[in-house]
Amino acid sequence: MKSLDDIFGQDAAIRWLGAMMKSPRVHHALLFAGPPGVGKATTAAALAAIFLCEKSEGGVACGACESCNAMHKESHPDYHVIYRQLIRLEKSEAAARDLAVDTIRRHLIEPAGLKSSRGRGKVFVVEEADTMNLNSQNALLKTLEEPPGRTLIILLTDSPDYLLPTIRSRSQLVQFGYLPIDRVRSELIKRGIDAKDAADAAEMSEGSIGLALRWLEDGVVAAGRELLASLDELPGSAMTLSGWFKQFAEAYVKTQQAREDAKKKRTNADEGDEHEEKISKDVTIREGLHIMLRLAAGRFRQQLASAGYESEPARCEQIEATFEAARYLDRNVNVALVMENLVMRWSRAFG
Ligand SMILES: [Zn+2]
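Please read these numbers as outputs of a predicted model, since none were measured by experiment. (Residues numbered from 1 in each chain as written. Predicted model: local features only at pLDDT ≥ 70, side-chain atom pairs only at ≥ 80, totals over all residues. Heavy atoms only, no water.)

Caption draft 1: Geometry of the overall build of the chain. Broken down by element type, the chain carries 15 helices and 5 strands. For 351 residues, the compact-globule estimate of 2.2 N^0.38 gives 20 Å, and the C-alpha radius of gyration of the chain, at 22 Å, lies within 12% of that figure. By its C-alpha atoms, the chain is 70 × 45 × 35 Å across when sized along the principal axes. When burial is assessed residue by residue, the chain has 49% of its 351 residues classed as buried. At a minimum sequence separation of 6, the contacts of the chain that also span at least 24 residues come to 71%. For the chain, the computed accessible surface area is about 17400 Å², with 51% contributed by carbon and sulfur atoms. If the 46 positive side-chain charges of the chain are averaged to one point and the 50 negative ones to another, these points end up 3 Å apart. (Helix = DSSP H or I, 4+ residues; strand = E, 2+ residues; numbered from the N terminus. Rg over C-alpha atoms; globule rule 2.2 N^0.38 Å. Buried < 20%, exposed > 50% of the residue type's maximum accessible area, 1.4 Å probe, protein only. Contact = heavy atoms within 4.5 Å. Areas by Shrake-Rupley, 256 points an atom, 1.4 Å probe, with all protein chains shown as cover. Lys, Arg positive; Asp, Glu negative; His and termini not counted. Charge placed at Lys NZ, Arg CZ, Asp CG, Glu CD.)

Caption draft 2: Inspection of the side chain of serine 208 at higher detail. Relative to the elements of secondary structure, serine 208 occurs in the loop between α9 (195-204) and α10 (209-217). A polar contact of 2.7 Å, which involves the side chain of serine 208, links it to the backbone oxygen of proline 36. Setting aside residues no more than four positions away along its own chain, serine 208 makes contact with Pro36, Gly37, Val38 and Val184. (Polar contact = N/O pair within 3.5 Å; in protein donor to acceptor, adjacent residues only side chain to side chain.)

Caption draft 3: Main features of the coordination of the zinc ion. Coordination of the zinc ion by the protein is provided by Cys53 (SG), Cys62 (SG), Cys65 (SG) and Cys68 (SG), with metal-donor distances spanning 2.3 to 2.4 Å. One way to put it: the 4 donor atoms around the zinc ion meet at angles of 104 to 117 degrees, and that makes the site tetrahedral. All donors to the zinc ion come from one chain, and their sequence spacing reads C-x8-C-x2-C-x2-C. (Donors = N, O, S within 2.8 Å, 3.2 Å for Na, K, Ca; no water. Tetrahedral: all angles 85-135°; square planar, octahedral: opposite > 155°, others 65-115°.)

Caption draft 4: Seen up close, the domain arrangement of the chain. Split by domain assignment, the chain resolves into domain 1 (4-175) and domain 2 (218-348). The gap between the C-alpha centroids of domain 1 and domain 2 is 31 Å. (Domains from an automatic or database assignment.)

Caption draft 5: Local environment of the nonpolar core. With 50 residues, the main nonpolar core has Leu30, Phe32, Leu47, Tyr79, Val123, Ile154 and Leu155 as its most contacted residues. Within the residue set of this core, elements represented by two or more residues are α1 (11-22), β1 (29-33), α2 (40-52), β2 (79-82), α5 (101-112), β3 (122-126), α6 (134-145) and β4 (151-157). Non-local contacts of tyrosine 79, meaning those with residues more than four positions away in its chain, are made with Ala44, Ala45, Ala48, Leu52, Met71, Val123 and Val125. One finds Ile209, Met292, Leu293 and Val343 within the second-largest nonpolar core, a separate group that totals 46 residues. (Core = buried A, V, L, I, M, F, W, Y, C linked by side-chain atoms within 4.5 Å.)

Caption draft 6: Representation of the side chain of serine 205. For serine 205, the location among the structural elements is in the loop between α9 and α10. Looking at serine 205, its side chain comes within polar contact range of the main-chain oxygen of alanine 201, at 2.9 Å. A polar side-chain atom of serine 205 sits 3.3 Å from the main-chain carbonyl oxygen of alanine 202. In this structure, serine 205 is in contact with Tyr178, Leu211, Ala212, Trp215 and Arg294, ignoring residues within four places of it in sequence.

Pasting the structure below:
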């Protein structure tokens with residue numbers, strides 16, 4: 001269990017939250033905004049530990065009471081994490097593209113109205129809060145404004161603009177920022193990652209320590225390296241790229257499935273196998289390919305900046321094609337079709 005002091009590189013946010021936890025009046029709705037993987041979820045858990053601790057003093061959790069032990073074991077009955085994939089536990093065919101109103105009702109609004117198990121109140125953390133659809137956001141308003149009893153609701157998002165103004169105005173904004181890439185690199189090395197991996201992961205994640213660690217673990221950094229090398233060999237590498245994307249997508253689905261299984265075990269340990277889990281493979285594939293498209297667009301931009309003006313039109317066409325493919329992926333167009341078409345446009349850009 002991490003404490004607020006363990007959060008890396010978010011000094012302003014942590015100082016503010018530390019002061020808030022010491023003050024007698026704790027905001028009951030917080031909006032953590034900032035890029036993915038910079039510590040929003042870890043901070044929310046650390047805050048929850050203080051909020052739920054039975055002997056917290058001066059804004060610090062005691063680390064020894066039953067509540068702290070339960071937080072440490074990730075099994076606190078009053079700590080609720082709400083995330084898109086929860087819907088898959090209820091409806092096996094659901095794609096979990098957004099946070100549906102049923103999920104918000106069942107996992108937040110209803111339990112918020114019940115008595116807390118350990119008597120210290122309840123904490124609800126909504127991951128990717130911007131994926132709440134309109135119905136979900138509207139349903140949440142009342143609870144957000146006047147949560148029953150001693151309740152802390154923390155919304156996490158990298159796109160606060162996607163939230164209704166009424167949601168934003170009812171919650172206290174806490175801003176998390178990107179970290180300088182060099183700081184992420186040296187922090188990764190400090191954590192035992194080898195220098196080359198650390199440099200690539202810091203660069204690819206654009207200064208997000210959480211994404212960097214996750215992508216190293218999931219093989220995304222290694223895959224990204226292969227892709228970038230292959231892009232440098234265009235148009236010659238076009239023949240193999242479509243197949244490469246397919247392979248990457250399959251490997252990515254496997255790692256994400258393993259991740260989700262582990263998370264499900266932690267958060268629903270008491271529910272057992274009551275709900276048959278069926279992961280929406282298609283959604284995961286699109287998410288994985290989005291990461292690769294982002295890396296590709298970044299590489300083309302670098303090439304655009306360093307190459308002579310005669311190659312400018314080709315680079316611009318490649319960047320444009322990449323963004324268009326990303327839009328098609330969002331719009332549910334057949335994945336294989338999108339990627340084949342993209343690789344073709346990448347290689348044809350050279351005329
Ligand atoms: Zn405690």
